[in-house]
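Chain residues, written in single-letter form:
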Amino acid sequence: MDSTMDAALGRWALELAGRGWPVLPLRPGAKFPDWHRGDRCPGTGQCRGGHRTPEQIATTDPDLITAAWSRAPWNVGVFPGPAGLLIIDCDPAKPGPDELDGWTALQVLAEQRGGPLPDTFTVTTPRGGRHLYYRAPAGCALRSTQGHLAAAVDTRGWGGYAVAPGSVRADGAYELLDDTDPVELPGWLVQANVEHCVTAGSGRGDRAVAVPGAFAATAVRGECGKVAATPYKQGRNKALSRAAYALGQLVGADVLAEDVARTELRAAVDSWGDVASIAKDYAVIETSLRAGRHNPRRITPHSTRTAGTRRHSAASPRKDTVAWTNG
Ligand SMILES: [Zn+2]
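In this text, all values refer to a predicted model and were calculated from it rather than measured experimentally.

A. Highlighting the environment of A162. Tracing the backbone shows A162 in strand β8 (residues 162-163). On a C-alpha basis, the gap between A162 and Y133 in space is 9.9 Å, while along the polypeptide they are 29 residues apart. Discounting chain neighbours no more than four positions away, the residues touching A162 are V76, G77, V78, I87, H131, Y133 and R156.

B. Looking closely at the nonpolar core. Membership of the largest hydrophobic core comes to 24 residues, with the highest contact counts inside it found for L16, W21, V23, W69, V76, V78 and Y133. Only α1 (3-18), β1 (23-26), α3 (62-69), β2 (75-78), β3 (85-90), β4 (121-124) and β8 provide two or more residues apiece to this core. Of the residues forming this core, the biggest block, four residues, is contributed by α1. Those residues in contact with V76 that sit more than four places away from it in its chain are L9, A13, L16, V23, L24, L26, W69, A162, V163, A164 and S167. Ranked by size, the runner-up nonpolar core spans 23 residues in total, among them A228, L240, L247 and A261.

C. Fine view of helix α5 (residues 102-113). The end-to-end C-alpha distance of α5, which contains twelve residues, comes to 16 Å, matching closely the 16 Å that a straight helix rising 1.5 Å per residue would cover. Along α5, the residues classified as buried are G102, A105, L106, L109 and A110. Along the axis of α5, the buried residues cluster in a sector spanning 140°; they form a single face. Positive backbone phi, at 65°, marks G114, one or two positions downstream of α5.

D. Looking closely at the side chain of T125. For T125, the location among the structural elements is in the loop between β4 and β5 (130-135). With relative accessibility at 14%, the residue T125 sits in the buried group. A polar side-chain atom of T125 sits 2.8 Å from the main-chain amide nitrogen of G129. Contact partners of T125, with chain neighbours within four places excluded, come to R130, H131, A173 and Y174.

E. Representation of unusual backbone geometry within the structure. If you check the backbone angles, D254 has positive phi at about 65° while not being a glycine. On the accessibility criterion, D254 (70% relative accessible area) is exposed.

F. Quick peek at the confidence of the model for the chain. Of the residues in the chain, 83% reach a pLDDT of 70 or more, and the chain-wide mean stands at 82. Element-level mean pLDDT values for the chain span from 42 in helix α11 (residues 301-307) up to 98 in β4. Long-range and interchain partners of residues 196-210, a stretch whose pLDDT sits below 50, account for 21 contacts in this model, where long-range means more than four residues apart. Scored below 50 in pLDDT, residues 302-327 makes 65 contacts in the model with residues more than four places away or belonging to other chains.

Conventions adopted
All residue numbers here refer to positions counted from 1 along the written sequence of the relevant chain. Owing to the predicted nature of the model, reporting of local features is limited to residues with pLDDT of at least 70; listing and counting of side-chain atom pairs is limited to 80 or more, with chain, interface and lining totals taken over all residues. Side-chain numbers here rest on the full set of heavy atoms in the structure, without hydrogens or water. By the criteria applied, helices consist of DSSP H or I runs no shorter than four residues and strands consist of E runs no shorter than two, each listed in order from the N terminus. Only heavy atoms matter for contacts: two residues are in contact if any of them lie within 4.5 Å across the pair. The set of buried Ala, Val, Leu, Ile, Met, Phe, Trp, Tyr and Cys residues whose side-chain atoms join them within 4.5 Å is what this entry labels a nonpolar core. To sort residues, take the accessible area from a 1.4 Å probe on protein chains only and compare it with the maximum for the residue type: under 20% means buried, over 50% means exposed, and anything in between is partly exposed. Expected span, for any helix, means 1.5 Å times one less than how many residues it has. Each direction from the helix axis to a C-beta atom contributes to the arc, which is the arc of those directions. Polar contact is the term for a pair of N or O atoms within 3.5 Å; when the atoms are in protein, one must be able to donate a hydrogen and the other to accept it, and sequence-neighboring residues count only if both atoms are side-chain atoms. The quantity known as pLDDT measures the predictor's confidence residue by residue, on a range of 0 to 100.

Encoded structure:
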């Protein structure tokens, strides 16, 4: 690939990061992060203190991005979880007489549910699929799902990533179809995703979604962001119990639903990718949430007003992330 291509990909990476969406290099011409799996972790560099996932090292830092894309024509991976997005991935139709393509299936589903499917930031994929970028509701940790909404429709939330516009493969390019700023994920799609996540987690699939107010949502994002960013063996337990306690105090003050706090905290723990300690970590969440609830935070009108919301406040650039490549 020539240098023009490098520059174009780098510009896309910077453009997306400028929107507050963390990015990571994907192998040139491919869709896989230029990063090792947890079971092949060398324990060096960024993983000195324990393995870090692509989601954890994705960044919005323009200096890191410029340096990385000047080394190779990386494709661009975008990480919806920390970006505050949910990306709906509509695949082309699978082989079979009655199979719908994902985009058609999603439109059918919207009609059945009587829900809107508003225009939003949309990317087309080399084989004719499309990625719809929506803003995730604040305080709602939506995970990735596979074929849950419909056979050819996946979602990419926490724990997932998408190949961003500008990226190229041998069979074609990922192109921006609609540059509308991402709009809020329609309520019926929030519900459809949460049904899935909550069912998988706790068996309470029919619970309504409680979307917290702006003040609580900002607190949830801040606390869970800190937890997710805490490196292995560097006080994760303490960071987790402190965050769960703080959110428990908001639950006690009736400004945050306990389910939402628990889901977000668990998602932050999940992002560590430390399967061995997950049961212990979930137990820490329960203990600390309960303790915080018993000492409710006093919320003044002033504090709720000034906390406010900023759309993409979740993804604060992490200056401690350094070079991405393994070499
Ligand atoms: Zn590692």
